[in-house]
Amino acid sequence: MNSYLMKTLALGLFLIACTFSNAASFEQGKPKIQSIDVISFQPEGILLIGDGKAGQVVLIDTKDREPQKWTASVVDLKGKIAERLGVAAKEIELIHFAVNPVSGKAYLAIRKQDTKSQHLITVDGQGKISEFSLDNVAFKSVALPKGSGGAISKITDLAWMSDRLLVSGVAADEFACKLYSVQQPLEKQSEVILTSAETFHVAHGKWETKAPMTVLMPFEENGKKYLVGAFSCTPLVKYPLEAFTENAKVKGQSILELGSGNKPIHMFTYQKDGKSYVLINTFRFHHQKKPFGPSPYWTARIDTGVISENANINEKALKRLDSKGEPGSEKVKLIPEFHGVSHMDKLDAAHALVISEDDKGALTLKALTLP
Amino acid sequence: MNMIITMMAALLIAVPPLFQPLDNSPGVEVRLPLDASSPLKKKGGPVSNDDGESVFVVGLFNDETGKIGAPLFGKYLVRDGALVFISSQPFSLGKTYKAIRTDTKDKEVSQFKVPALKAQDAVRVVKVYPTTDRMPANLLKFTIVFSGPMRQSKTIFDAIELVGPDGKSVDDPWRRTELWNDNDTRLTLWFHPGRVKLGVNLREQLGPPLEPGKTYTLKIPSELLDASGNKLAQGFEKKIIAGAEVRTRLDVNQWKITPPIKQSKAALAINFPYVIDPYLFAREVIVVGPTGKTIVGKASMGLEEKVWQFVPDEAWQLGEYFIRIGSEVADLAGNTISRPFEVNLETLEPLAGVQKLKFLVK
């Protein structure tokens with residue numbers, strides 16, 4: 001048996017095992033979802049929906065496990081989806097995006113404005129656009145406890161950490177960092193730990209707990225697991241996963257300051273030519289004042305050595321821009337090929353699937369080679 | 001074309017004989033009786049979209065281009081000898097849809113138009129918190145209350161302006177996270193905290209959004225869209241006179257309680273020396289009676305959010321009551337009873353947590 005077949009067989013057995021381990025507690029029907037804030041996937045193709053208004057994460061077995069090759073580039077993506085929903089492009093808004101790691105199919109959370117309805121849309125490797133109906137699916141939901149203070153209004157991100165799910169949320173009326181940890185297996189009655197994370201904000205040199213995380217990413221090195229969180233003002237911070245226990249205040253290490261005027265959107269790790277990197281895209285709301293490229297959406301590649309750093313942290317953390325506002329290190333590199341990318345996710349070992357936005361707001365979905 | 005399109009009666013303009021209303025239909029159905037020779041006729045129940053679309057498709061008609069859009073999302077099934085298409089959601093008001101046969105040479109077309117909603121009262125801005133004109137320069141947020149549901153959109157952060165004393169818009173003042181209540185009638189609009197916190201490079205580079213001693217205008221344009229896609233009845237402007245920044249923990253001992261008298265339903269009142277966040281206060285504060293039970297009643301925040309009143313459902317009784325104040329009660333700058341908004345956790349004083357304010361009913 002050649003190595004390709006061996007790998008395929010191993011992957012198949014892994015997926016079957018994962019499917020069976022999860023299948024027992026899924027129920028069939030229509031999940032009650034109030035808002036789709038973010039979407040993400042477990043490695044075996046289980047879709048995770050962050051529903052802040054209902055204070056829950058809904059897991060959906062998509063049954064979508066047929067790997068496919070990406071040959072499509074879908075221009076006017078928004079217009080094409082809107083047409084299928086029976087409205088004009090301006091009548092819908094893209095909320096979030098994720099790629100099923102098993103099939104490679106793109107999943108988009110879309111809001112249809114006139115009916116205030118939300119829709120899950122898929123695009124396959126040939127560019128075929130379909131609706132993923134939630135009317136009759138295998139699902140289960142995990143409730144997020146309110147904890148002290150107010151309930152969350154919106155989930156900002158989800159990250160599957162191989163043994164647990166991490167969820168970050170924000171509240172409407174208070175400035176708070178609410179971070180939930182749910183140990184696997186994820187079930188309706190799963191114990192959910194609510195923690196607060198202490199973060200050293202490089203920019204203003206103070207420890208503080210209150211800033212909410214906007215993007216979460218799992219990270220592993222030397223057998224130890226970490227959460228890497230990105231904030232709006234805009235450090236990357238690393239937290240040891242083992243520290244997330246009930247009522248704990250988890251202290252993180254700031255490892256990189258991306259610079260002010262940016263809002264991180266997505267990030268993931270990958271390897272290329274024997275080196276490890278993180279790819280992160282952000283929205284620059286200071287684009288008019290000081291652009292980093294032709295679009296307010298810009299992407300940077302970060303050497304994972306920056307994430308591994310344990311000495312130059314907090315006050316000494318690396319800054320992407322030096323005091324003159326110029327790039328301060330080769331370890332954090334702007335990627336021109338990704339200018340305009342408003343949403344992205346890892347497609348395979350060598351590619352990202354991205355949605356780029358032009359200056360008129362038109363969207364294009366395409367695969368790009370990882371830099 | 002022998003095709004029947006059915007939908008909620010209230011939304012239908014019938015074009016006889018092809019379109020007929022169907023009472024109590026949850027969505028839209030397009031129905032085509034199948035010929036006896038059709039292979040689909042032998043089937044019952046669900047039909048694949050490929051098979052269904054090989055007979056007819058339904059799409060949005062673009063009045064400007066005269067073209068019919070790609071097939072709508074939905075499902076096909078065979079019922080009572082007819083091929084039925086069920087749209088995945090109700091059709092949109094004011095739009096024209098067309099059904100086209102794809103299995104005939106002539107590609108016959110049927111169309112129907114969903115009437116636009118009758119003109120309703122346009123949504124307006126009811127209130128903006130804080131209601132006072134005078135507020136600390138490190139104000140954290142506005143809460144905008146609308147008379148009806150609004151349309152969520154990230155474009156609000158560019159549409160709502162803060163205009164400075166020089167008549168120019170303040171650059172990028174908002175934290176770009178949409179926070180609406182459940183029915184989209186209340187928007188919590190935060191300043192970007194990086195512009196408010198001391199020493200943050202965003203503030204260092206752009207300056208704070210509000211400076212003490214200066215006057216600004218919050219401008220909510222009429223171009224904001226309500227849930228139906230209509231503009232507001234009119235724009236809304238609010239004057240802001242920025243005062244000194246406040247960066248200290250709230251001291252509840254500065255609050256002045258006016259206790260009610262026994263056997264009355266008079267209001268319990270608290271006067272604050274500063275403006276209180278009304279939504280956090282409503283969530284975090286309860287009144288507890290002499291027996292330890294929570295007192296049921298009606299609470300309201302009064303003039304400029306500096307007075308709180310509580311009227312019980314049942315008369316006050318003789319004894320010692322207390323007001324339980326949750327740790328998140330805050331002023332306009334995010335300072336709570338447990339900590340100031342900005343903290344250095346390495347030198348932070350111990351948190352005060354929940355506090356109780358006693359009062360006697362005599």
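For every chain, the first residue of the written sequence is number 1, and numbering continues from 1 along that sequence. Lettering for chains starts from A, numbering for ligands starts from 1, and both go in the order in which the items are written. Local features in this predicted model are restricted to residues whose pLDDT is 70 or higher, and side-chain atom pairs enter the listing and the counts only when it is 80 or higher, whereas totals over whole chains, interfaces and linings include all residues. Hydrogens and water molecules were not included; the side-chain quantities draw on all heavy atoms of the structure.

**Concerning the pairing of strand 11 (residues 164-170) of chain A**
Residue and element names in this part refer to chain A.
In step 1: Summarising burial for strand 11: seven of the seven residues are buried, a large majority.
In step 2: Whether two strands pair depends on DSSP finding at least two bridges between them. The helix count covers DSSP runs of H or I at least four residues long, the strand count covers runs of E at least two residues long, and both are numbered beginning at the N terminus. Note: strand 10 (residues 154-160) against strand 11, six bridges, orientation antiparallel. Among the inter-strand pairings, Ile155 is bridged to a residue of strand 11, identified as Gly169.
In step 3: Between strand 10 and strand 11, which pair antiparallel one after the other, the connecting turn spans three residues, and Ser162 there sits at a positive phi close to 80°.
In step 4: One ladder, built from six bridges, connects strand 11 with strand 12 (residues 178-183); its direction is antiparallel. Bridging from a neighbouring strand, Gly169 pairs with Lys178 of strand 12. Only protein chains enter the accessibility calculation, which uses a 1.4 Å probe; a residue is then buried when its area is under 20% of its type maximum, exposed when over 50%, and partly exposed in between.

**Thoughts on the confidence of the model for chain A**
Residue and element names in this part refer to chain A.
In step 1: Across chain A, pLDDT averages 86, with 89% of residues at or above 70.
In step 2: How sure the predictor is of each residue is captured by pLDDT, a score from 0 to 100. Mean pLDDT values for the elements of chain A range from 48 in helix 1 (residues 3-23) up to 98 in strand 25 (residues 341-346).
In step 3: Two residues form a contact once any of their heavy atoms are found within 4.5 Å. In this model residues 1-8 is a low-confidence stretch, pLDDT under 50, and it forms two contacts with partners more than four residues away in sequence or in other chains.
In step 4: The model gives residues 14-21 a pLDDT under 50, and that stretch makes five contacts with residues more than four places away or in other chains.

**What about the interface of chain B and chain A?**
In step 1: Opposite the 61 residues of chain B that make contact, chain A presents 55 residues.
In step 2: Overall, the association of chain B and chain A removes approximately 5,000 Å² of surface from exposure, summing both partners, and the carbon and sulfur fraction of that is 50%.
In step 3: The salt bridge criterion pairs a side-chain nitrogen of Lys or Arg with a carboxyl oxygen of Asp or Glu, the two atoms within 4 Å. At the surface where chain B touches chain A, the tally comes to five salt bridges.
In step 4: Counting of polar contacts relies on pairs of N or O atoms within 3.5 Å, with two restrictions inside protein: one atom must be capable of donating a hydrogen and the other of accepting it, and residues adjacent in sequence are counted only when both atoms are side-chain atoms. At the boundary of chain B with chain A, the tally comes to 21 residue pairs in polar contact (both at pLDDT 80 or more). When two parts are brought into contact, each loses some accessible area as probed by a 1.4 Å sphere; the total of that loss over both is the buried area.

**Focus: the sheet that holds strand 20 (residues 307-312) of chain B**
Paired through their backbone hydrogen bonds, the strands of a sheet run either parallel or antiparallel.
Residue and element names in this part refer to chain B.
In step 1: Pairing is antiparallel across the open sheet formed by four strands, whose spatial order is 16-17-20-19. The sheet is open, and its two edges are formed by strand 16 (256-258) and strand 19 (297-301), each paired on a single side. Pairs of neighbouring strands in the sheet enclose a mean axial angle of 15°, with direction left out of account.
In step 2: Two strands pair when backbone bridges link them, and strand 16 and strand 17 (residues 268-271) are joined in this way by three bridges, in the antiparallel orientation. Bridge pairing in strand 17 places Ile257 opposite Ile270. Angles run from 0 to 180 degrees between N-to-C directions of axes, and those axes are lines fitted to C-alpha atoms, restricted for helices to the stretch in contact.

**What to know about the environment of Asn222 of chain A**
Residues and elements named next belong to chain A.
In step 1: Relative to the elements of secondary structure, Asn222 occurs in the loop between strand 15 (213-221) and strand 16 (224-231).
In step 2: On the basis of relative accessible area, Asn222 is assigned to the exposed category, the value being 81%.
In step 3: It is 9.8 Å that separates the C-alpha atoms of Asn222 and Ser308, two residues lying 86 residues apart in sequence.

**Quick notes on the nonpolar core**
In step 1: Nonpolar cores are built from buried Ala, Val, Leu, Ile, Met, Phe, Trp, Tyr and Cys residues. Side-chain atoms within 4.5 Å join them into one set. One finds Leu227 of chain A together with Phe146 of chain B to be the most contacted residues of the largest nonpolar core, which totals 53 residues.
In step 2: Residue assignment places this core across two domains, with domain 2 (125-243) and domain 3 (252-361) of chain B each supplying three or more.
In step 3: Setting aside chain neighbours within four positions, we find Phe146 of chain B in contact with Val123, Arg124, Val125, Val126, Trp180, Thr185, Leu187, Leu224 and Leu232 of chain B.
In step 4: Leu85, Val87, Ile92 and Leu347 of chain A belong to the second largest nonpolar core, which has 24 residues in total. Each domain's extent is set by a domain assignment, obtained either automatically or from a database.

**What to know about the pattern of salt bridges**
In step 1: Taken as a whole, this structure holds 24 salt bridges over all chains when the rule is applied.
In step 2: The salt bridge partner of Lys116 of chain A is Asp184 of chain B, with a shortest N-O separation of 2.7 Å. Placement of the pair is Lys116 of chain A in the loop between strand 6 (106-112) and strand 7 (117-123) and Asp184 of chain B in the loop between strand 12 (161-163) and strand 13 (186-190), with the two residues belonging to separate chains.
In step 3: Residue Asp184 of chain B is classed as buried on the basis of its relative accessible area, which comes to 5%.
In step 4: We note a salt bridge from Arg176 of chain B to Asp158 of chain B, for which the minimum N-O separation is 2.8 Å. In this pair, Arg176 of chain B sits in the loop between strand 12 and strand 13 while Asp158 of chain B sits in helix 2 (residues 156-159), placing the two residues 18 residues apart along the sequence.
In step 5: Of the residues examined, Arg176 of chain B reaches a relative accessible area of 17% and is grouped as buried.
In step 6: A relative accessible area of 54% means that Asp158 of chain B is categorised as exposed.
In step 7: Connected through shared salt-bridge partners, Arg203, Glu245, Arg247 and Glu342 of chain B make up one network.

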